[in-house]
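Here are the chains, one letter per residue:
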Amino acid sequence: MGGVAIADVVLLNKTDLVEESSIAEIQTIIGCVNPTCQVISTVRSRVPLDRIFDLKCYHSDSAPPTLPANRDHLSLSSSEISSCSIRETDSTNVNIEKLENKLAKLIWRESDLAEQGSSFEHMEVLRAKGSILAHGGKQFHFQAVGKLYELTEFAPRNELSATHFVFIGKKIDKKALCDYLFN
């Protein structure tokens, strides 16, 4: 499941050989492990190339105004991977400089995170995405894969009414992340 956790696109091949209910169940599991990826069903590995190449997934101009909500903490018994979704509706709580500093420490697993509590000792963020509504109405897009991250300001969109993150990784603790990022 580690590959699914960091994927932008997941191909489900040989879907002609299984029941529709099995495909739906697998798509649900994939969506819970990585709520930001696109799932494409294929037969004999046939897929239009424009659906898998040059997607600009790591490009701030293609940032979605909001991320999928209500998909929290799926932990599969056969996997250590889980995900959570975090929302902060009060933009006055979001100081972008402080938030970026905290996100960098989280992604880079800096040693002083241990001071935040034992939840951070074993937590490992593999992938994260976020739409941020900061103090003053400024809007940002956040993406992280492994130890790389990007925080980019983009033109305000009316659809963005809250800060929203999706974190995917090992031993993800939603409450600890909320407390750390927004308190």
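In what follows, the accompanying structure is described. (Residues numbered from 1 in each chain as written. Predicted model: local features only at pLDDT ≥ 70, side-chain atom pairs only at ≥ 80, totals over all residues. Heavy atoms only, no water.)

## Some words on unusual backbone geometry
Notably, R44 is not glycine yet its phi reads approximately 55°, a positive angle. Among the secondary structure elements, R44 is positioned in the loop between β2 (38–41) and β3 (81–88). Among the residues examined, R44 registers a relative accessible area of 64% and is labelled exposed. The phi dihedral of K171 is positive, around 55°, even though this residue is not glycine. (Helix = DSSP H or I, 4+ residues; strand = E, 2+ residues; numbered from the N terminus. Buried < 20%, exposed > 50% of the residue type's maximum accessible area, 1.4 Å probe, protein only.)

## Concerning the packing of aromatic side chains
Scanning the model with the defined rule gives 6 aromatic pairs in all. Ring plane angle 55° and centroid distance 5.6 Å describe the contact between W108 and Y149, whose orientation is recorded as tilted. Here W108, found in helix α3 (residues 96–108), pairs with Y149, found in strand β6 (residues 148–154); they are 41 residues apart in sequence, far enough to count as distant. Over the face of the ring belonging to Y180 we find K102, whose NZ or CZ atom lies 5.7 Å from the ring centre. (Phe/Tyr/Trp six-rings, centres within 6.5 Å; stacked < 30°, edge-to-face > 60°. Lys NZ or Arg CZ within 6 Å of the ring centre and 35° of its normal.)

## Some details on the pairing of strand β4 (residues 124–133)
Of all 10 residues making up β4, 9 are buried, and the element is well covered by its neighbours. Examined bridge by bridge, β4 and strand β7 (residues 163–170) share 7 bridges and lie antiparallel to one another. Opposite E124, over in β7, you have K170 as the bridge partner. Where β4 meets strand β5 (residues 139–145), 7 bridges bridge the pair, whose relative direction is antiparallel. Of the residues in β5, the one forming a bridge with I132 is F140. (Pairing = 2+ DSSP bridges.)

## Quick look at the pattern of salt bridges
In this structure the tally under the stated criterion is 3 salt bridges. Taking the shortest distance from any N to any O, the salt bridge between R109 and E124 comes out at 3.9 Å. In this pair, R109 is assigned in the loop between α3 and β4 and E124 in strand β4, connecting sequence segments 15 residues apart. A residue is classified by how much of its surface remains accessible, and R109, at 34% relative accessible area, is partly exposed. Across the pair D179 and K175 runs a salt bridge whose closest N-O atoms are separated by 2.8 Å. Remark: K175 and D179 occur in helix α4 (residues 174–182); sequence separation between them is 4 residues, near one turn of the helix. For K175, a relative accessible area of 60% corresponds to the exposed category. (Salt bridge = Lys/Arg side-chain N within 4 Å of Asp/Glu carboxyl O.)

## Overview of the sheet that holds β4
Strand pairing in a sheet is mediated by backbone hydrogen bonds. Such pairs are either parallel or antiparallel. The strand order β3-β7-β4-β5-β6 describes an open sheet built from 5 strands, whose pairing is antiparallel. Of all the strands in the sheet, just β3 and β6 have a single pairing partner and so form its edges. Between one strand axis and the next, the sheet turns by 10° as a mean value, whatever way the strands run. Here 8 bridges tie β3 to β7, and the two strands are oriented antiparallel to one another. Paired with S82 across the strands is G169, a residue of β7. Sitting on the sheet, α3 touches β4, β5, β6 and β7, and the angle it makes with β6 is about 160°. The strands that α4 touches are β3 and β7; relative to β3, the one it contacts most, it runs at about 40°. (Axes fitted to C-alpha atoms, helices over the stretch in contact; angles between N-to-C directions. Contact = heavy atoms within 4.5 Å.)

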